[in-house]
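In case you want the letters, here they are:
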Amino acid sequence: MSELNFETRCVHVGVDKDSAYNSCITPIYPSSTFYWDDLKTHRGFDYTRSGNPTRKALEENLTALEGGIDCRATSTGMSAIATAMYLFKPGDHIITGHDIYGGTYRLFADLLTSQGYKFSFVDMGNPELVRAAITPQTKGIWIETPSNPLLNLVDIAAITAIAQEHQLISLADNTFLSPYLQRPFEFGVDVIVHSTTKYLNGHSDVVGGAVITRHQEHADRISYVVNALGLGCSPFDAWLVLRGVKTLGPRMEAHQKGAMALARMLDAHPAVERVYYPGLETHPDHELAKRQQRGFGAMLSFDVQGSREQAEQVLTGLKLFQLAESLGGVESLVEYPETMSHASMTLEARRNAGISERTIRVSVGIEHPDDLVADMKRVLDACR
Ligand SMILES: *Cc1c(COP(=O)(O)O)cnc(C)c1O
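Residues numbered from 1 in each chain as written. Predicted model: local features only at pLDDT ≥ 70, side-chain atom pairs only at ≥ 80, totals over all residues. Heavy atoms only, no water.

Can you lay out the packing of aromatic side chains for me, pointing to particular residues and giving the numbers?
Describing an aromatic ring pair means giving the distance of the ring centres and the angle of the ring planes. Considering all chains together, one arrives at seven aromatic pairs under this definition. Judged by centre distance (6.1 Å) and plane angle (25°), the ring pair of Phe119 and Phe121 falls under stacked. Grouping aromatic residues by their ring pairs yields a cluster made of Tyr105, Phe108, Phe119, Phe121 and Trp142. (Phe/Tyr/Trp six-rings, centres within 6.5 Å; stacked < 30°, edge-to-face > 60°.)

Help me get a handle on the site of the ligand, residues and values and all.
Every one of the 14 residues lining the ligand counts as a neighbour, but Met78, Asp173, Ser195, Thr197 and Lys198 are closest to it. Considering the ligand on its own, with 380 Å² of exposed area, one finds that the protein chains cover 92% of that surface. Considering each element in turn, the shell around the ligand owes the most residues, three residues, to helix 3 (residues 77–84). Residue composition of the shell around the ligand, by class: five nonpolar, six polar and three charged. (Near = heavy atom within 4 Å. Areas by Shrake-Rupley, 256 points an atom, 1.4 Å probe, with all protein chains shown as cover. Helix = DSSP H or I, 4+ residues; strand = E, 2+ residues; numbered from the N terminus. Nonpolar A, V, L, I, M, F, W, Y, C, P; charged D, E, K, R; others polar.)

Which residues make up the pairing of strand 7 (residues 209–213), and what are the values?
Of all five residues in strand 7, five are buried; the element is thus mostly enclosed. Along strand 7, one buried face is formed by Gly209, Val211 and Thr213 and the opposite face, lined by Ala210 and Ile212, is buried too. Strand direction decides the pairing type here: strand 1 (residues 70–74) and strand 7, joined by five bridges, are antiparallel. Its bridge partner lying in strand 7, Thr74 is registered against Gly209. Where strand 6 (residues 191–195) meets strand 7, five bridges bridge the pair, whose relative direction is antiparallel. Within strand 7, the position partnered with Ile192 by the bridge is Ile212. (Buried < 20%, exposed > 50% of the residue type's maximum accessible area, 1.4 Å probe, protein only. Pairing = 2+ DSSP bridges.)

Outline the side chain of Arg72, listing residues and values.
Relative to the elements of secondary structure, Arg72 occurs in strand 1. The class for Arg72 is buried, based on a relative accessible area of 15%. In this structure the side chain of Arg72 is engaged in a polar contact, spanning 3.3 Å, whose partner is the side chain of Asp70. (Polar contact = N/O pair within 3.5 Å; in protein donor to acceptor, adjacent residues only side chain to side chain.)

So what about the environment of Arg214? Which residues, and what values?
Assignment of secondary structure puts Arg214 in the loop between strand 7 and helix 8 (216–229). Sequence-wise, Arg214 and Val191 are 23 residues apart; in three dimensions their C-alpha atoms are separated by 6.8 Å. When sequence neighbours within four positions are dropped, the list of residues in contact with Arg214 reads Gly68, Ile69, Phe185, Gly188, Val189 and Asp190. For Arg214, the side chain forms a polar contact with the main-chain oxygen of Val189, separated by 2.9 Å. (Contact = heavy atoms within 4.5 Å.)

Describe the state of the cysteines, naming the residues involved and giving the relevant values.
This structure, assessed with the given rule, holds zero disulfides. Here Cys24 stays free of any disulfide, with the sulfur of Cys10 as its closest cysteine sulfur at 18 Å. Given the relative accessible area of 66%, Cys24 is considered exposed. Free cysteine Cys233: the closest other cysteine sulfur is in Cys71, separated by 8.8 Å. On the basis of relative accessible area, Cys233 is assigned to the buried category, the value being 5%. (Disulfide = S-S within 2.5 Å.)

So, the nonpolar core: which residues are in play, and what are the values?
Of all hydrophobic cores here, the largest spans 78 residues; its most connected members are Phe302 and Met376. Residue contributions to this core peak at seven residues, all from helix 10 (residues 248–268). Residue assignment places this core across two domains, with domain 1 (6–245) and domain 2 (249–383) each supplying three or more. In this structure Met376 touches Leu262, Met265, Leu266, Phe302, Val314, Leu318, Phe321, Val334 and Val362, once residues within four positions along its chain are discounted. If you look at the next biggest cluster of nonpolar residues, it comprises 22 residues, including Ile94, Leu112, Trp142 and Ile169. (Core = buried A, V, L, I, M, F, W, Y, C linked by side-chain atoms within 4.5 Å. Domains from an automatic or database assignment.)

Describe in detail the pattern of salt bridges, supporting the description with residues and values.
Under the defined criterion, the tally for this structure stands at 21 salt bridges. When the shortest N-O distance is used, the salt bridge between Glu128 and Arg131 registers 3.3 Å. With a gap of three residues between them, Glu128 and Arg131 both fall in helix 5 (residues 127–133), about one helical turn apart. With a relative accessible area of 31%, Arg131 lands in the partly exposed category. Across the salt bridge formed by Arg361 and Glu335, the nearest N and O atoms sit 3.3 Å from each other. Residue Arg361 is located in strand 12 (residues 359–363), and its partner Glu335 is located in strand 11 (residues 333–335); the two are separated by 26 residues in the primary sequence. Here the two residues Arg361 and Glu335 agree in accessibility, since each one is buried. One connected set of salt bridges, linked through shared partners, spans Glu59, Asp70 and Arg72. (Salt bridge = Lys/Arg side-chain N within 4 Å of Asp/Glu carboxyl O.)

Please give an account of helix 3 that cites residues and values.
The buried count for helix 3 comes to six of eight residues, which makes it a mostly enclosed element. Taken together, the buried positions of helix 3 are occupied by Gly77, Ser79, Ala80, Ile81, Thr83 and Ala84. A side-chain oxygen of the first residue of helix 3 lies 3.3 Å from the backbone nitrogen of Met78; this N-cap is Thr76.

Got a sec to walk through helix 2 (residues 53–66)? Specific residues and values, please.
Each α-helix winds once per 3.6 residues, and so residues spaced three or four apart point in a common direction. Look at helix 2: 20 Å from first C-alpha to last across 14 residues, which is about the 20 Å you get at 1.5 Å a residue. Most of helix 2 sits inside the fold, with twelve of its 14 residues counted as buried. Those residues of helix 2 lying buried are Pro53, Thr54, Arg55, Ala57, Leu58, Glu59, Asn61, Leu62, Thr63, Ala64, Leu65 and Glu66. The backbone nitrogen of Thr54 lies 2.9 Å from a side-chain oxygen of the residue at the head of helix 2, namely Asn52. The positive-phi residue at the C-terminal boundary of helix 2 is Gly67, with phi of around 80°. (Expected span 1.5 Å × (residues − 1).)

This is the structure we're talking about:
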């Protein structure tokens, strides 16, 4: 099916699984176990921790969307990331960004560091800093682009070139854009992880993850680890993500349309000091975004003028944007990195990363752009 266009793959891969009744939609198989035809033969599944037909259908779909050879769908994005890290062993050194997702930072800097893994957290916007961090123990590079919450980009091709030169495994967290807008395999990445909680499911009713591979040795290892640790997602969650993914293309288009309209209004509004959105020509990574992304996505942040009070006024005065963490759902959300998503960072680390007490992050949903712009403009006008 890989010759089909992306939107068609979203709808048609992982479907047609019911030869008994020809149901058009992939059935949910909640069965924990599957009986054997005889002592040597079963129909491809024996126990749901190891494999399940509904989960398998989702895995086929996500493999086709990213253009890999295999996928394992996991219980959360974090379990996908933990699984991917089993490609390494204690003593190995991994280079990553200084502004990666907070949960990933906690896993790397705390849990895995205490088990003997070594990490360097560098500004990956500058590939030379990545090159400079390489040691004889370096085995991998972990890429996340765009970053959260300030939407800094990493030049994926430049980083994978360094990885290939030094025979390092390159991994990318592609959650923020989804394969509709960015396909890291096309730029030489070896392993892709997703929090399917976000755009892939898209309806804020599942937590899930996925690891997608393009080399057989990685596929074998990931599959072994997911079974050994018991991290596979439930059949019901797999079914929901498979349903969500069918509308990924049209949803991302609608998300982006709203994000661009909102970014333009914010950029022109006197109560806003700065907007962080790669779709704006003034964004420092605008050209890179045009090169490696098929669109600019629907996450943006901005700093309000004034002080913390103005930020609070905006965050609590909105009607259409709910005050909540997470992102990628059809409904618009705002959140305050200072006390919410990035509260586990020290104050100093937040300021070093460029996050201020006036920074607001927005996950733009698929509501009509005019309504989103009007709601945001109303609270900003009141700030002056
Ligand atoms: C949400 C998120 C994760 C973690 O996913 P969960 O499903 O919450 O475990 C990892 N990376 C990024 C970029 C995310 O946004």
